[in-house]
Amino acid sequence: MQQQQRVLVRPEQKSIDWGFYLWVLYRRLPLIVVLTILALIGAAVYTFTSPKFYEAVSLIRLRKQTPPGLFPQPGQQQQTDTLDLKTATQLVTTFLTAQEALRLIQEQKLSGMRVSPAVRQYLSLLNAQEVLSFVSTTSYEPDLIRISVKHTLPEVAAALANAIAEAFVARLNREARAEATNERRFIETQLQAVRAELQRLDKQIAEVKQQLRMVDVSEETRALVNSIRTYTAELLMAETELRSAMKAREQLQQMLAREQPFAPIRRENPVLAEMEKRLAELEAQRTQLLNRYLPTHPTIKRIEEQIDSLRKEIARRQNERIVEVPDAAPNPRYATLYQQILDAERKRMELEERRKAIAALLQQTQQQLQQFPEQQRRLGDLTRQLQVLEQAYMSLLSRLQDAQIREAARLGNATIADVAVVPTKPVGPDLFRLIGLALLGGLGLSLGLVFLLEFMKTTVTSSDELKHLLGVPVLSVIPEAKLETEPNSLIRLMTSRRSAAEAIRTLRSNLRFLIMRYSSDGKMKTFIITSAIKGEGKSFISAALSIAFAQTGKRVAVVDADLRKPDLHKFLGVEETVGLANVLKDTASLDEALKETKVPNLYLLPAGVLPKGSDSVTPAELFSSEAMQHLLLRLKERFDLVIIDTPPMMAVADPSILAPMADGILLVVELGHVTKTAVQEVKERLELAQAKILGAVINKASRKRGYDYYRDYYYYHDYYEREP
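No experiment lies behind these values; they were computed from the predicted model shown. Each chain has its residues counted from 1, running along the sequence as written. Only residues with pLDDT of 70 or above have their local features reported here, since the model is predicted, and side-chain atom pairs are shown and tallied only from 80 upward, although totals for entire chains, interfaces and linings are computed over all residues. Computation of side-chain values: all heavy atoms of the structure, hydrogens and water removed.

Colleague: Would you explain the overall build of the protein in this entry?
Modeller: Counting from the N terminus, the helices are the DSSP runs of H or I reaching at least four residues and the strands are the DSSP runs of E reaching at least two. Along the backbone of the protein there are 26 helices and 14 strands. Type-normalised accessible area, obtained with a 1.4 Å probe on protein chains alone, sets the label of each residue: buried when under 20%, exposed when over 50%, and partly exposed for intermediate values. The 724 residues of the protein split such that 44% are buried. The long-range share in the protein, meaning contacts at least 24 apart out of those at least 6 apart in sequence, stands at 83%. Any pair of residues with heavy atoms lying within 4.5 Å of one another is described as a contacting pair.

Below, the structure written as structure tokens:
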């Protein structure tokens, strides 16, 4: 149970194998360096070829209180400001503010600077949407708004920054004065009506007095007239205040209709931004090509056509540069206006009740006056109306003066805190910032491309990669050897000085060094040679390595444990009769199965033939038997070296069964043929079987398969091919 838990944990440890990623980066370091340098060069070219732009900054400060609303009552407190910092920041970059700014510049109404005719002529060609593309705003708590304008012309930047600030302040002032202006106009209209009514009453009173030949009325009549006058004046005042309240409510409803529940913001059209980015890339590309070719070159002509087409399309879509998107935050001005409407409606209802009460008292007093003679009653009524109108006239005159004062003094919620000056130094393109971004972008792109290429490649393509996957050295790289069809072609190869034979001898030497390292007493004698999949040349390596050791005078036994597709007898020119399978089934002795080859000191134990019938067994069952272990012990006693050729690891379970019985494993790999997953799985199976992997052998190396293959081939065998 403990061993199974250890094996299950291994994949998690591999998932954080930082050594693998570092090795990938080291292997692809030239690509990373080249892409990063190209990104830096591109940033530098863009910096020195793109036009310089300047930045002008103006500041706006918001007030925190506003004067009272329409027709304030005595004791009414001032309301807090309904325009918060976020809403004001958005209103700065609106279409109406930009239009007002252009008008101020053209009419030379900027208080902070005087704009030259050339700048005014240039700005007359721009619309409000184009102006907003140069403007950006930033808010600073609690009450400051920073207006920044970036442009290639410094005077244009300063003019727009100041004009935007003054236009915004003027807009808020107009909106603030609108309420006081409406109040003044309403009072003036009422004064004209009262003045006309006073003139009419004066004439009627004079006519009645002339008819009665009276100069004054009685005390009783005067008392009733005074009461009626007082009630009438109060009724008139109540009706005036009621009309004012209704007028204020209507104005608030009109203002509410112009507001949105959510404050809109304007942003630059992403399509136009992408087109301008593409235009800049094409211009940079044209500049690079002009350094190499004449302007009449077809490539330059084609790029210029694309540039002209993009410029026309951008000019056609200038009206679409700024688009409105709804803001997620509610509009506080909308909520405040809605609350003011509710307050105005409550006030109207109170005034309506007051008017009804005064009207009832007035009616009662008028009924008492009806008991007087008609002429006296008429005179008293006219006198009462005259006094009421005179009192109302004086009250309206006083309120008119107050309204005129408020209209003249009413200011908006913003003031200009600082004006923009003409900048003298450009702020962009920022070379260091672009270099930093290019460095990060180049590294990010190159790293992404490196790992993409690495994980898209599924096969093992280099000795470095193989060493990393297995964690063991590559003992030799065997070039692709072309053997003849004759049985003795391999023996002739190993007696020559061809590169393949020299590579096998290198493998022999490296294996001998490993034996000396791991076993000073020389007890390591049994070795398994296998591969991950078929076709990688494990049988060729087994036969060639056996011949190489036999040529040094060692007694070598090579065992063909591939009972399904045996090939060793073909390489060594031995007929296959009885062999390993017969020995394990006890149908032949070891002496009968061992075949002497044409190479001195080299003996072959062929695969043999599995008996057919009801008592037949599989190769895995044969290798798991005690007979196999006993056979290997006998071979180790009789020979200096025992080499076992097994089937591929991914095909059958035979190598995993034999692996613990051997002193070491050699894994044969053909670059570009076996996948990384297969190599990793072979390693896991051998580690699970507690077998020792001594090293890997790269077979069939060729310079025709790409850089990695050629590099390994050149490092190991270019010298051999130069030998005679």
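Let us keep going from here.
Colleague: Help me out: how do you make sense of the environment of G695 in this one?
Modeller: Inspection of the secondary structure puts G695 in strand 14 (residues 693-701). Once the C-alpha coordinates of G695 and L667 are considered, the two residues, 28 residues apart in sequence, prove to be 6.6 Å apart. Once residues within four sequence positions are removed from consideration, G695 is found in contact with V472, P473, L475, I665, L666 and L667.

Colleague: Hey, could you run me through helix 10 (residues 270-290) in this one?
Modeller: Every α-helix carries 3.6 residues per turn, so stepping three or four residues along brings you back to the same face. By definition here, a helix of n residues has an expected span of 1.5 Å times n minus one. Taking 1.5 Å per residue as the helical rise, helix 10 with its 21 residues ought to reach 30 Å, and the 30 Å between its terminal C-alpha atoms agrees with that figure. Looking at the buried residues of helix 10, the elements they touch are helix 11 (298-316).

Colleague: When you look at the packing of aromatic side chains in this model, what are you seeing that I'm missing?
Modeller: The way to describe two aromatic rings as a pair is by their centre distance and the angle between their planes. What counts as a ring pair is set by centres within 6.5 Å for rings of Phe, Tyr and Trp (its six-membered ring), and what kind of pair is set by the plane angle: stacked under 30 degrees, edge-to-face over 60, tilted for all other angles. Summed over the entire model, instances satisfying the criterion amount to 2 aromatic pairs. A cation over an aromatic ring shows up here: R517 above the ring of Y518, its NZ or CZ 6.0 Å from the ring centre. For a lysine, the NZ atom is tested; for an arginine, the CZ atom; a charge sits over a ring if that atom is within 6 Å of the ring centre and within 35 degrees of the ring normal. Note that K692 overlies the ring of Y518, its terminal NZ or CZ placed 4.2 Å from the centroid.

Colleague: It is not clear to me how the sheet that holds strand 11 (residues 602-605) should be interpreted in this structure. Could you clarify?
Modeller: Backbone-to-backbone hydrogen bonds pair the strands of a sheet. The strands run either parallel or antiparallel. Here we have 8 strands laid out as an open sheet, ordered 7-14-13-8-12-9-11-10, and mixed in their pairing. Whereas interior strands pair on both sides, the edge strands pair on one side only; in this sheet they are strand 7 (474-479) and strand 10 (595-596). Strands are labelled as partners when DSSP assigns at least two bridges between them. Across 5 bridges, strand 9 (residues 556-560) lies against strand 12 (residues 641-645) in parallel orientation. Note on strand 12: the bridge partner recorded for A557 is V642. Axes, fitted as lines to C-alpha atoms, cover a helix only where it is in contact. Angles between the N-to-C directions of the axes lie from 0 to 180 degrees. Seen against the sheet, helix 17 (residues 499-518) touches strand 7, strand 8 (526-531), strand 13 (664-670) and strand 14 and runs at an angle of roughly 170 degrees to strand 7. Along the sheet, helix 18 (residues 538-550) contacts strand 7, strand 8, strand 9, strand 11, strand 12, strand 13 and strand 14; its crossing angle with strand 12, the most-contacted strand, is approximately 170 degrees.

Colleague: Sorry, what's going on with the nonpolar core here?
Modeller: One recurring pattern in soluble globular proteins is that nonpolar side chains are buried together. With 51 residues, the main nonpolar core has L466, L580, L605, M628, L631 and L635 as its most contacted residues. Setting aside chain neighbours within four positions, we find L631 in contact with L580, V583, L584, L590 and L605. We call a set of buried residues a nonpolar core when its members are Ala, Val, Leu, Ile, Met, Phe, Trp, Tyr or Cys and they connect through side-chain atoms within 4.5 Å of each other. Counting residues in each nonpolar core, the second largest holds 40 residues, with A501, I529, A543 and I643 among its members.

Colleague: What am I meant to see in the pairing of strand 12 here?
Modeller: Regular strands show a simple pattern: their side chains alternate between the two faces of the sheet. Burial analysis of strand 12 places 5 of its 5 residues in the buried class, which makes it a mostly covered element. Of the two faces of strand 12, the one holding L641, I643 and D645 and the one holding V642 and I644 are both buried throughout. The pairing of strand 8 with strand 12 spans 4 bridges and is parallel. The residue of strand 12 that forms the bridge with I529 is D645.

Colleague: Looking at this structure, how should I read unusual backbone geometry?
Modeller: Outside of glycine, negative phi angles account for most residues, and trans bonds account for most peptide bonds. Here the residue pair E141 and P142 is connected by a cis peptide bond, since its omega of 5 degrees sits within 30 degrees of zero. Mapped onto the fold, P142 is located in the loop between strand 2 (135-140) and strand 3 (144-151). A positive phi is found at Q108, a non-glycine position, where the angle reads about 55 degrees. Of note, K700 is a non-glycine position whose phi angle comes to about 60 degrees, a positive value. Relative to the assigned elements, K700 resides in strand 14.

Colleague: Mind showing me how you'd approach the pairing of strand 14 here?
Modeller: Burial of strand 14 is extensive: 8 of the 9 residues sit out of reach of the surface. Here strand 7 runs beside strand 14; their pairing, made up of 4 bridges, is parallel. Within strand 14, the position partnered with P479 by the bridge is A701. Note that strand 13 and strand 14 share 6 bridges and pair parallel. Within strand 14, the position partnered with L666 by the bridge is G695. The definition of a right-handed crossover adopted here requires that, viewed with the strands pointing away, the path from the first strand over the helix to the second runs clockwise. Once you follow strand 13 into helix 25 (residues 676-688) and on to strand 14, the crossover reads as right-handed.

Colleague: It is not clear to me how the pattern of salt bridges should be interpreted in this structure. Could you clarify?
Modeller: The term salt bridge refers to a side-chain nitrogen of Lys or Arg lying within 4 Å of a carboxyl oxygen of Asp or Glu. Tallied over the entire structure, the rule returns 27 salt bridges. Here D143 makes a salt bridge to R61, at a shortest N to O gap of 3.1 Å. Placement of the pair is D143 in the loop between strand 2 and strand 3 and R61 in strand 1 (residues 54-62), with a sequence separation of 82 residues. The exposure class of D143 is buried, given its relative accessible area of 13%. Given the relative accessible area of 47%, R61 is considered partly exposed. The shortest N-O distance in the salt bridge between E107 and K109 comes to 3.0 Å. E107 gets classed as partly exposed once you look at its relative accessible area, which sits at 38%. K109 gets classed as partly exposed once you look at its relative accessible area, which sits at 47%. Sharing partners across several salt bridges, the network here consists of E100, R103, E107, K109 and R174.

Colleague: Honestly, the packing of helix 15 (residues 463-470) against helix 25 in this entry has me stumped. Any pointers?
Modeller: In a pair of packed helices, the angle between the axes and the distance between the axes together describe the arrangement. Contact geometry for helix 15 and helix 25: axes closest at 9 Å, N-to-C directions at 35 degrees. Note that helix 15 runs across helix 25; the crossing there is right-handed. The segment helix 15 lies against helix 25, with E465, L466, L469 and L470 engaging K676, V679, Q680 and K683. By definition, any crossing whose near helix is turned counterclockwise from its far helix by less than a right angle is left-handed, and any crossing with a clockwise turn is right-handed.

Read these as geometric descriptors, not functional statements.
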